[in-house]
Every structure is written in C-alpha cells, then in structure tokens.
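A look at the structure
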Amino acid sequence: MFNQSTLLFIGGTEIIFILFIVVMVFGADKIPEIARGLGKGMRTLKDATNDIKHEVTKSAKENGIIDTEVTRDIKEELNKVRDEVEDFTGSVKRKL
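How each quantity is defined
Residues numbered from 1 in each chain as written. Predicted model: local features only at pLDDT ≥ 70, side-chain atom pairs only at ≥ 80, totals over all residues. Heavy atoms only, no water. Helix = DSSP H or I, 4+ residues; strand = E, 2+ residues; numbered from the N terminus. Buried < 20%, exposed > 50% of the residue type's maximum accessible area, 1.4 Å probe, protein only. Areas by Shrake-Rupley, 256 points an atom, 1.4 Å probe, with all protein chains shown as cover. Salt bridge = Lys/Arg side-chain N within 4 Å of Asp/Glu carboxyl O.

1. So, the overall build of the protein
Counting secondary structure elements, the protein contains 4 helices and 0 strands. Its helices and strands taken in sequence order, the protein reads α-α-α-α from the N to the C terminus. Burial analysis of the protein (96 residues in total) assigns 3% to the buried set. A total of about 9,100 Å² of accessible surface is found on the protein, and carbon and sulfur atoms cover 64% of it.

2. Comments concerning the pattern of salt bridges
Within the structure shown, the criterion is met by 4 salt bridges. Of the charged contacts, one joins Arg43 and Asp47 as a salt bridge, the two residues approaching to 3.6 Å between their closest N and O atoms. Of the two residues, Arg43 and Asp47 both sit in helix H3 (residues 31-62), 4 residues apart, roughly one turn of that helix. Taking the relative accessible area as the measure of exposure, Arg43 reaches 48% and is therefore partly exposed. The exposure class assigned to Asp47 is partly exposed, which follows from its relative accessible area of 33%. The shortest N-O distance in the salt bridge between Asp83 and Arg82 comes to 3.6 Å. You can call Asp83 partly exposed: its relative accessible area is 35%. Judged by relative accessible area, which is 43%, Arg82 ranks as partly exposed. Residues joined in a network through salt bridges with shared partners are Arg82, Asp83 and Glu86.

Shape descriptors only; they carry no functional weight alone.
The structure is reproduced here in structure tokens:
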C-alpha cells in the first residue's frame, strides 16, 4: 500500500524550494499574471469539457439511448441501499 505522503512523491520542503525557484526566475510581480493565465486556461478547459458532456447527453437523449426515468429509479434504489449499508456499518462500528 502507498502511504499518503508518498502519493504525491513530493514533500513540503520540495514545494517551498520549487516556489523559491519560481520567484527567482519570474519575479514576484509576474507570478499573479502567470497564475491568472493558468486559471483562465483551466476555466476554458472546464467549460469545454462541460460543453462536450452536455452535447453527448443531449444527443443520447434525442436518440433514446438514455432513459432518464429508468436512470433516476436506479439512482434512487442505489441511494436506498447505500443508506442501509451505512446504517448497518455505523451500528457495527459503534459496537467495536
């Protein structure tokens, strides 16, 4: 099993060192511009993926691939089962 600290393969001192190098290379006045540009890029990517999801879902509904009533019923049943399992495991955890 992986330890939580080894999942990222980078520690706190390495992050501080990387931030120090970024400040030295770009300067403190350019960092907000870089972060703003990265934020805009991430937002554009998120919007594009949401648009793709919307179009795929829309075309699937138009072609009858997705039956929303059936999927809603399945989700309700899954939620009921999940709640029952959580209630059962909660009582078992308290007894231990």
